Amino acid sequence: IGKSPALQHVRKTIEKVGPTNSRVFLLGPAGVGKELAARDLHRQSKRQGGAFLVCHCKSDCEQSIDEQLFGVESTAHAQRKVGFLEQAHGGTLFFDEITELSLKAQAKLVRFLHEQTFTREGGNRKVVVDVRIMAATKYDIKAAIEDGRFREDLYYRLNVISLALPSLKETLDDIPELVSYFVERLSRQIDV
């Protein structure tokens with residue numbers, strides 16, 4: 001919401017990039033709407049009829065994120081579980097705060113981006129999926145690479161198109177329009 005030059009640039013980029021299958025890396029501080037921008041990119045793509053899934057990368061359990069992404073093959077101890085990559089087949093998978101992903105999971109993601117296949121945890125059969133990948137972070141990605149917290153090869157595979165979303169302090173002229181939007185939205189909720 002808004003007409004500032006920075007926001008107009010974001011809209012134009014989304015219109016231009018949305019219909020492509022290009023990977024998009026969304027950058028900007030917390031709360032600027034990186035997930036909203038990713039959803040808009042998905043809505044404008046040929047994949048709009050497919051799923052849009054969000055993988056929240058901050059996970060305390062490395063095994064859990066692996067299972068969430070790649071799924072689990074049926075074993076004597078566990079039933080087969082389909083991961084985000086399979087669920088997003090034909091659609092889009094958005095990695096929120098990708099810099100929080102463990103280095104082990106980053107390595108597996110690099111392999112998937114290179115081969116477009118993966119193996120479920122505990123399995124040995126290759127699974128092929130067609131999924132558009134988008135990622136976002138609020139952190140300084142170059143610093144994360146230099147600190148060894150984020151793989152440089154993963155960055156280059158994800159950063160086909162980079163889109164920096166402006167913070168509110170960069171779009172101060174949009175505040176009156178934002179206020180009007182939220183007042184109208186809240187007044188409709190109260191009238192219900």
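Residues numbered from 1 in each chain as written. Predicted model: local features only at pLDDT ≥ 70, side-chain atom pairs only at ≥ 80, totals over all residues. Heavy atoms only, no water.

*Asks:* Can you walk me through the overall build of the protein chain in this structure?
*Replies:* Within the protein chain one finds eight helices and seven strands. Along the longest, intermediate and shortest principal axes, the C-alpha atoms of the protein chain span 60 × 45 × 30 Å. For the protein chain, with 192 residues in total, the buried portion stands at 43%. Across the protein chain, the fraction of contacts at a sequence separation of at least 24, relative to all contacts at a separation of at least 6, is 73%. Split by element, the accessible area of the protein chain, about 10700 Å² in all, is 52% carbon and sulfur. For the protein chain, the distance from the average position of its 28 positive side-chain charges to the average position of its 26 negative side-chain charges is 5 Å. (Helix = DSSP H or I, 4+ residues; strand = E, 2+ residues; numbered from the N terminus. Buried < 20%, exposed > 50% of the residue type's maximum accessible area, 1.4 Å probe, protein only. Contact = heavy atoms within 4.5 Å. Areas by Shrake-Rupley, 256 points an atom, 1.4 Å probe, with all protein chains shown as cover. Lys, Arg positive; Asp, Glu negative; His and termini not counted. Charge placed at Lys NZ, Arg CZ, Asp CG, Glu CD.)

*Asks:* Whenever I open this one, the side chain of His42 confuses me. Can you help?
*Replies:* The residue His42 is located in helix α2 (residues 34-43) in this model. In terms of polar contacts, His42 uses its side chain to reach the side chain of Thr92, at 2.7 Å. The residues touching His42, leaving out its near neighbours within four places in the chain, are Arg47, Gln48, Gly50, Ala51, Phe52, Gly91, Thr92 and Met134. (Polar contact = N/O pair within 3.5 Å; in protein donor to acceptor, adjacent residues only side chain to side chain.)

*Asks:* It is not clear to me how the packing of aromatic side chains should be interpreted in this structure. Could you clarify?
*Replies:* By convention here, two paired aromatic rings are described through the distance between centres and the angle between planes. Tallied over the entire structure, the rule returns five aromatic pairs. Between Phe52 and Phe94, the aromatic rings sit 6.2 Å apart at their centres with planes inclined by 20°, giving stacked as the arrangement. Taken as a pair, Phe52 in strand β2 (residues 52-56) and Phe94 in strand β3 (residues 92-96) lie far apart in primary sequence, 42 residues in all. Phe94 shares its class with Phe52; the two are buried. Geometrically, the ring pair formed by Phe70 and Phe118 is tilted, given 5.8 Å between the ring centres and 50° between the ring planes. Taken as a pair, Phe70 in helix α3 (residues 62-70) and Phe118 in strand β4 (residues 117-119) lie far apart in primary sequence, 48 residues in all. Considered together, Phe70 and Phe118 belong to a single accessibility category, that of buried residues. Feature note: the residues Phe25, Tyr155 and Tyr156 constitute an aromatic cluster, connected by ring pairs. (Phe/Tyr/Trp six-rings, centres within 6.5 Å; stacked < 30°, edge-to-face > 60°.)

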